[in-house]
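Residue strings, one per chain:
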Amino acid sequence: MKDDNFFERVYEVARLIPPGRVTSYGAIAAYLGTKGSSRMVGYAMQACGRANPPVPAHRVVNRQGLLTAKFHFGGNLMEQLLESEGVKVIDDQVQDFKTLYWDPSVELAL
């Protein structure tokens, strides 16, 4: 059973990820105070297709920078969206991941 309120909080954080940057499911979960719920963040990203305003789910990857959810986008759309923002992806892996990584616990604490 999904928690719409939790999903909305996830969407609020994801909407703050700047273009050309990426974060992880776990980083969003930790920021929301639910450190063990990265899978639920993934479910929220999977369900965000009709969210308004739109959610840039393509900017959320796994903790190693892998595009583990790319099949939800269909084809190479997730990769194409990231690359249109200047993020280089090779073999479903964000290149220069540590430099591009956006940690909401750090970035939103400012």
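Scroll up for the structure.
A short tour of the structure in this document, coming up.

Rules and cut-offs
- Counting of residues starts from 1 at the beginning of each chain's written sequence and follows it residue by residue.
- Side-chain atom pairs in this predicted model are given and counted only at pLDDT of 80 or more, local residue features only at pLDDT of at least 70, and totals for whole chains, interfaces and linings cover all residues.
- Side-chain metrics rest on all non-hydrogen atoms present in the structure, leaving aside hydrogens and water.
- Numbered from the N terminus, helices here are DSSP runs of H or I no shorter than four residues, and strands are runs of E no shorter than two.
- As a reference, a globule follows 2.2 Å times the number of residues to the power 0.38, and the radius of gyration itself is taken over C-alpha atoms.
- Exposure is judged per residue with a 1.4 Å probe applied to protein chains only, and the accessible area is read against the type maximum: over 50% gives exposed, under 20% gives buried, and values in between give partly exposed.
- We call two residues in contact when some of their heavy atoms are within 4.5 Å.
- Residues enter a nonpolar core if they are buried and are Ala, Val, Leu, Ile, Met, Phe, Trp, Tyr or Cys, with the set joined through side-chain atoms within 4.5 Å.
- What makes a salt bridge here is a side-chain nitrogen of Lys or Arg within 4 Å of a carboxyl oxygen of Asp or Glu, nothing more.
- When we speak of the arc, we mean the arc of directions from the helix axis to the C-beta atoms.
- Side-chain atoms alone can form a polar contact between residues adjacent in sequence; in general such a contact is a pair of N or O atoms within 3.5 Å, and within protein one must be able to donate a hydrogen while the other accepts it.

Here the focus is the overall build of the protein chain. In terms of helices and strands, the protein chain carries seven helices and four strands. Each helix and strand of the protein chain, placed in order from N terminus to C terminus, yields the pattern α-β-α-α-β-α-α-β-β-α-α. Relative to the compact-globule value of 13 Å for 110 residues, the protein chain shows a C-alpha radius of gyration of 13 Å, a close match. Once the C-alpha set of the protein chain is aligned to its principal axes, its extents read approximately 35 × 30 × 25 Å. Burial statistics for the protein chain: of 110 residues in total, 40% are counted as buried. Taking contacts inside the protein chain between residues at least 6 apart in sequence as the whole, the part at least 24 apart equals 65%.

Val10, Tyr11, Ile28, Val41, Met45 and Val55 are the most contacted members of the largest nonpolar core, which totals 21 residues. If you list the elements that add at least two residues to this core, you get helix H1 (4–14), helix H2 (25–31) and helix H3 (38–46). It is H1 that provides the largest number of residues to this core, a total of six residues. Beyond its immediate chain neighbours, meaning those up to four positions away, tyrosine 11 contacts Ala44, Met45, Ala47, Cys48, Ala51 and Val55.

Glancing now at the pattern of salt bridges. Under the counting rule described, the total for this entry stands at three salt bridges. For glutamate 107, the salt bridge goes to arginine 21, with nearest N and O atoms at 3.5 Å. In this pair, glutamate 107 is assigned in helix H7 (residues 104–107) and arginine 21 in the loop between H1 and strand E1 (23–24), connecting sequence segments 86 residues apart.

Turning our eyes to something else, we now look at H3. Taken together, the buried positions of H3 are Val41, Gly42, Ala44 and Met45. Projection of H3 onto a plane perpendicular to its axis shows the buried side chains occupying an angular sector of 160°, all on one side.

Another aspect to go through is the environment of leucine 67. Checked against the element boundaries, leucine 67 lands in the loop between strand E2 (60–61) and helix H4 (70–73). In this structure, the C-alpha to C-alpha distance between leucine 67 and arginine 21, residues 46 residues apart in sequence, is 14 Å. Beyond its immediate stretch of four places on either side in the chain, leucine 67 contacts Val61, Met78, Glu79, Leu82, Val89, Asp92 and Val94.

Mapped onto the secondary structure, histidine 58 falls in the loop between H3 and E2. Of note is the side chain of histidine 58, whose polar atom sits 3.0 Å from the side chain of glutamate 85. What histidine 58 contacts, discounting residues up to four positions off in sequence, is Phe73, Met78, Leu81, Leu82 and Glu85.

Each α-helix winds once per 3.6 residues, and so residues spaced three or four apart point in a common direction. The complete set of buried residues in helix H5 (residues 77–84) reads Met78, Glu79 and Leu82. Down the axis of H5, the buried side of the element spans an arc of 95°, and every buried residue falls inside it. If you follow the buried residues of H5, they end up packed against E2, H4, strand E3 (89–90) and strand E4 (93–94). Glycine 86 lies just past H5 and shows a positive phi near 95°.

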